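Spelled out from the first residue to the last, the chains are:
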Number of protein chains: 2
Amino acid sequence: MSVNIAIVGATGAVGKEFLSILESRKFPLNELRLLASGRSAGKKILFCGKDYIVQELTKNSFKGIKIALFSAGADISKEYAPYAIESGAVCVDNSSAFRMDDDVPLVVPEVNPYDIPKHHGIIANPNCSTIQMVVALKPIHDAVKIKRVVVSTYQAVSGAGLKAIDELKKEAMSILEGKEGFQRKLFPHQIAFNVLPQIPQSKAFLPNGYTSEEMKMVNETQKIMGDHSIRVTATTVRVPVIRGHSESVNIETVKKITAAEVKRLLSTAPGVKVIDDPANQLYPLASETAGRDEVFVGRIREDISIDNGIDMWIVSDNIRKGAALNAIQIAEKLL
Amino acid sequence: MSVNIAIVGATGAVGKEFLSILESRKFPLNELRLLASGRSAGKKILFCGKDYIVQELTKNSFKGIKIALFSAGADISKEYAPYAIESGAVCVDNSSAFRMDDDVPLVVPEVNPYDIPKHHGIIANPNCSTIQMVVALKPIHDAVKIKRVVVSTYQAVSGAGLKAIDELKKEAMSILEGKEGFQRKLFPHQIAFNVLPQIPQSKAFLPNGYTSEEMKMVNETQKIMGDHSIRVTATTVRVPVIRGHSESVNIETVKKITAAEVKRLLSTAPGVKVIDDPANQLYPLASETAGRDEVFVGRIREDISIDNGIDMWIVSDNIRKGAALNAIQIAEKLL
């Protein structure tokens, strides 16, 4: 069965990745409708050897559409998802607009595919840094129950969009050439050759001192895993990496699990690839995950500071599994 | 009282910083003897407006020297410290050679100055990532006792020496120019626009899966704080930053302490500067700590995952407070 698909935000970093994945996975497409702001309307995008014209997103954009993939920010999702639903489409929304709504499933297909059928027109795609973490945590939680997670992230600038990649490259070049006075438009501080403990870069901190990105990792982890007893604290940090989020994840479990058992569990877990060969200096690297589908896990070891603890290093392509791929996996399950 | 000082490893990253700090702090110098390998012997180094000739390090290099500052790696320290002691010098050693020896004090002057007089010719300077962490933790430990620390680091390449800085810059330029086939000499993987969960880059992992850098943070923290009940787990990560180590530090305390109390405590703590103004997007940044003496702390907040927990972000100049400055502070206390 072929379906009509709309992509909202077709010209963005995630929009482009949607197209690349739809093509490579031979998604059963009938019509493909590319939607974006009026500014991008009229642009041509090549897909499967054919030019597609980007159309301006309006409330009438969704006629005949079966699945609408949204990735144009929370404001656009809030405004246009109701029109898509009214037209009979199911929205798979990559923004944070509806993620914590009680009647909206928040889904990582490897973790909670059973939540997909509960939707009322919207299925939310989780935050990138949460997706890759829960894919690796789920098999461990099922085996020995996770009590607490302490995570620190090393997040690529592509999480802030194509303009952020451009700003990092230009600032890096400016510093290497010894020039001064580089004009930043996006990041509040130098990002090249620096690390920023604030994500997103534009938003205010919350009253409890956490950023919204950090609270996403707390709340979304509980909702996706379907277990509000899992305690999470997170520190999310932007690093001068183009693509691929890395995470230093410490977990405390109810029952003891050895590092060897974690490796064995994760080696057969869906969507996970273990790269953990210290003798040969092999561990997951952001530089080697771009364009890859899997969540990579390494540096798996028993935490020496507590009885039932595991430390590990989780890396994935934030634009692919962290956004576009996860949404398309949801769409595939919907069909 | 003026003293005769020798610097072993005078041409390295830390050696150069020793000179800059001795000059700026108006250290009471009589003779300054610059020592290095035969390869660097004969080089001229400008200090206080005068040229000094670098001499080749030999077992006879320490005659008349009162304090020898060693920063040329563990092998050199092990071989030459005995000669320095024989000549009547006290060695302040920046390498890991003697740090965990029972009869060698491991000192951060803000934390355990009382250990200095216990020396038998050698005082060890701790690992850079440990120094900055314990300066911030000590006031909290004194107030409410720290049970456990979970730390993830974001460490600058300068911790691996001047050649590492050069390699990062060249690799970054190569990537920005779209060239392929960059030849790395030092790092086992791409470091520009990437993060590596392995420090040091050249050494094997330990049987427990930790790196030696990670175990330094565990063992040295306990020794410096004089409390082996403090449990520590660490994940140490190299990031493409030239100078300045950042750390995401999570602590669990025996007694409850609020974020406001931590801020108040640290605001008057020796060697600490609190930069914690989220409303104005102000927090410690590696890019702003180069050449500064303080340990900077921000993002101080109560950990929502446990009853008695604090998350914070600790940044310091790894070459300065993390190495050269701390050693010179020890030398000053010795006098």
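Residues numbered from 1 in each chain as written. Chains lettered and ligands numbered in written order. Predicted model: local features only at pLDDT ≥ 70, side-chain atom pairs only at ≥ 80, totals over all residues. Heavy atoms only, no water.

Caption draft 1: Layout of unusual backbone geometry. In this structure, the amide linkage connecting Ile-199 of chain A to the following residue, Pro-200 of chain A, adopts the cis form with an omega of -5°. Along the chain, the position of Pro-200 of chain A falls in the loop between helix 4 (162–176) and helix 5 (212–225). Positive phi is not limited to glycine here, since Lys-145 of chain A has a value of about 60°. In this structure Lys-145 of chain A comes out as partly exposed when scored by relative accessible area, which is 35%. With a phi close to 50°, Cys-48 of chain B is a non-glycine residue in the positive phi region. The topology assignment puts Cys-48 of chain B in the loop between strand 3 (44–47) and strand 4 (50–53). (Helix = DSSP H or I, 4+ residues; strand = E, 2+ residues; numbered from the N terminus. Buried < 20%, exposed > 50% of the residue type's maximum accessible area, 1.4 Å probe, protein only.)

Caption draft 2: Main features of the relation of the copies chain B and chain A. When chain B is fitted to chain A, the residual RMSD is 0.0 Å, and the transformation amounts to a turn of 180° plus an axial shift of 0.0 Å. Such a turn and shift between the copies fits a two-fold axis. With an isologous cut-off of 70% or more, the 100% of interface residues of chain B that recur at the interface of chain A puts this contact in the isologous class. (Least-squares fit on C-alpha atoms with pLDDT ≥ 70 in both. Contact = heavy atoms within 4.5 Å.)

Caption draft 3: Representation of helix 3 (residues 128–144) of chain A. Residues and elements named next belong to chain A. A rise of 1.5 Å per residue sets the reference length of helix 3, with its 17 residues, at 24 Å; its end C-alpha atoms lie 25 Å apart and thus fit the reference within 8%. Of all the bends in helix 3, the greatest reaches close to 35° and is centred on Leu-137; the proline Pro-139 follows between one and four positions later. Extensive coverage of helix 3 is indicated by the burial of 15 of its 17 residues. Lys-145, located one to two residues past helix 3, shows a positive phi value of around 60°. (Expected span 1.5 Å × (residues − 1). Bend = angle between axes of the 7 residues up to and from the residue.)

Caption draft 4: Structural view of the packing of aromatic side chains. Within the structure shown, the criterion is met by 11 aromatic pairs over all chains. Measuring from ring centre to ring centre gives 5.8 Å for Phe-62 of chain A and Phe-70 of chain A, while their planes differ by 20°; the resulting arrangement is stacked. Here Phe-62 of chain A matches Phe-70 of chain A in class, with each residue buried. With a centroid separation of 6.2 Å and 55° between ring planes, the pair formed by Tyr-283 of chain A and Phe-205 of chain B is classed as tilted. (Phe/Tyr/Trp six-rings, centres within 6.5 Å; stacked < 30°, edge-to-face > 60°.)

Caption draft 5: Layout of the confidence of the model for chain A. Taken residue by residue, chain A gives an average pLDDT of 97. The fraction at 70 or more is 100%. For this predicted complex, the interface score ipTM comes out at 0.96, while the overall pTM is 0.97. (pLDDT = per-residue confidence, 0-100.)

Caption draft 6: Here's a closer look at the sheet that holds strand 14 (residues 309–316) of chain A. Residue and element names in this part refer to chain A. Here we have 6 strands laid out as an open sheet, ordered 10-9-11-14-13-12, and mixed in their pairing. The sheet is open, and its two edges are formed by strand 10 (231–235) and strand 12 (272–274), each paired on a single side. The sheet shows a mean angle of 25° between the axes of neighbouring strands, direction not considered. Bridging between strand 9 (residues 146–154) and strand 11 (residues 245–253) involves 8 bridges; their strand directions are antiparallel. Counted as the bridge partner of Tyr-154 is Ser-246 from strand 11. Along the sheet face, helix 3 touches strand 9, strand 11, strand 12, strand 13 (295–302) and strand 14 and points at about 25° away from the line of strand 11. Seen against the sheet, helix 5 touches strand 9, strand 10 and strand 11 and runs at an angle of roughly 160° to strand 10. (Pairing = 2+ DSSP bridges. Axes fitted to C-alpha atoms, helices over the stretch in contact; angles between N-to-C directions.)

Caption draft 7: Layout of the pairing of strand 7 (residues 90–93) of chain A. Residues and elements named next belong to chain A. Alternating residues of strand 7 divide into Val-90 and Val-92 and Cys-91 and Asp-93, and every residue in both groups is buried. Bridge analysis of strand 6 (residues 67–70) against strand 7 gives 4 bridges, and the strand direction is parallel. Looking at the pairing, Phe-70 lines up with Asp-93 of strand 7. In this fold, strand 6 hands off to helix 2 (residues 74–86), which returns the chain to strand 7; that crossover is right-handed. Pairing analysis gives 3 bridges linking strand 7 to strand 8 (residues 122–124), with the strands arranged parallel. The residue of strand 8 that forms the bridge with Asp-93 is Ala-124. (Right-handed = clockwise from strand over helix to strand, strands pointing away.)

Caption draft 8: Fine view of the packing of helix 3 of chain A against helix 6 (residues 259–267) of chain A. Residue and element names in this part refer to chain A. At a closest axis distance of 9 Å, the pairing of helix 3 and helix 6 adopts a crossing angle of 120°. When the axes of helix 3 and helix 6 are compared, the pair comes out oblique. For helix 3 against helix 6, the interelement crossing comes out right-handed. In this structure, helix 3 uses Ala-136, Pro-139, Ile-140 and Ala-143 to contact helix 6, whose residues at the interface are Val-262, Leu-265 and Leu-266. Of the residues contributing to the contact of helix 3 with helix 6, the split by class is 7 nonpolar, no polar and no charged. (Parallel < 35°, antiparallel > 145°, perpendicular 65-115°, else oblique. Left-handed = near helix turned anticlockwise from the far one by under 90°. Nonpolar A, V, L, I, M, F, W, Y, C, P; charged D, E, K, R; others polar.)

Caption draft 9: Spotlight on the UniProt feature "binding site: NADP(+)" (unreviewed entry) in chain A. All names here are of chain A. The sites that carry the UniProt feature "binding site: NADP(+)" (unreviewed entry) are, in the present numbering, Thr-11, Gly-12, Ala-13, Val-14, Arg-39, Ser-40, Ser-158, Gly-159 and Asn-318. Spanning 308 residues, the annotated positions stay apart in the fold, the maximum distance between their C-alpha atoms being 25.9 Å. Residue position: Arg-39 is located in the loop between strand 2 (29–36) and strand 3 (44–47). Excluding residues that lie within four positions of it along the chain, Ser-40 makes contacts with Thr-11 and Val-54. (UniProt positions renumbered as here; feature names shortened; annotations may be inferred.)

Caption draft 10: The arrangement of the sheet that holds strand 10 (residues 231–235) of chain B in detail. Residue and element names in this part refer to chain B. In space, the 6 strands of this open sheet follow the order 10-9-11-14-13-12, with mixed pairing throughout. Of all the strands in the sheet, the pair left with one neighbour each is strand 10 and strand 12 (272–274). Here the strands of the sheet are splayed against their neighbours by 25° on average, with no regard to which way each runs. Set on the sheet, helix 3 (residues 128–144) makes contact with strand 9 (146–154), strand 11 (245–253), strand 12, strand 13 (295–302) and strand 14 (309–316); between it and strand 11 the angle comes to about 25°.

Caption draft 11: Summary view of the side chain of Glu-17 of chain B. In this structure, Glu-17 of chain B sits in helix 1 (residues 13–24). Once residues within four sequence positions are removed from consideration, Glu-17 of chain B is found in contact with Arg-243, Ile-319, Arg-320 and Ala-324 of chain B.

Caption draft 12: Just the domain arrangement of chain A, in detail. Residues and elements named next belong to chain A. Segmentation of chain A into domains returns domain 1 (3–125 + 323–334) and domain 2 (130–318). For domain 1 versus domain 2, the distance between C-alpha centres works out to 25 Å. Together domain 1 and domain 2 conceal approximately 1600 Å² of surface at their shared face, both sides included; 63% is due to carbon and sulfur atoms. Summed over the shared surface of domain 1 and domain 2, the result is 3 salt bridges. Remark: the boundary between domain 1 and domain 2 carries 6 residue pairs in polar contact (both at pLDDT 80 or more). Of all the elements in the fold, those that place two or more residues in the side of domain 1 that touches domain 2 are helix 1 (13–24) and helix 7 (320–334). A class-by-class count of the residues in the side of domain 1 that touches domain 2 yields 9 nonpolar, 6 polar and 6 charged. (Domains from an automatic or database assignment. Buried area = accessible area lost by both parts, 1.4 Å probe. Salt bridge = Lys/Arg side-chain N within 4 Å of Asp/Glu carboxyl O. Polar contact = N/O pair within 3.5 Å; in protein donor to acceptor, adjacent residues only side chain to side chain.)

Caption draft 13: Representation of the packing of helix 3 of chain A against helix 7 of chain A in the model. All names here are of chain A. Helix 7 packs onto helix 3 with a crossing angle of 85° between their chain directions and a minimal axis gap of 8 Å. Considering the angle they form, helix 3 stands roughly perpendicular to helix 7. In contact with Cys-128, Ile-131 and Val-135 of helix 3, helix 7 contributes Lys-321, Gly-322, Ala-323 and Asn-326. Grouping the amino acids of the contact of helix 3 with helix 7 by side-chain chemistry returns 4 nonpolar, 2 polar and 1 charged.

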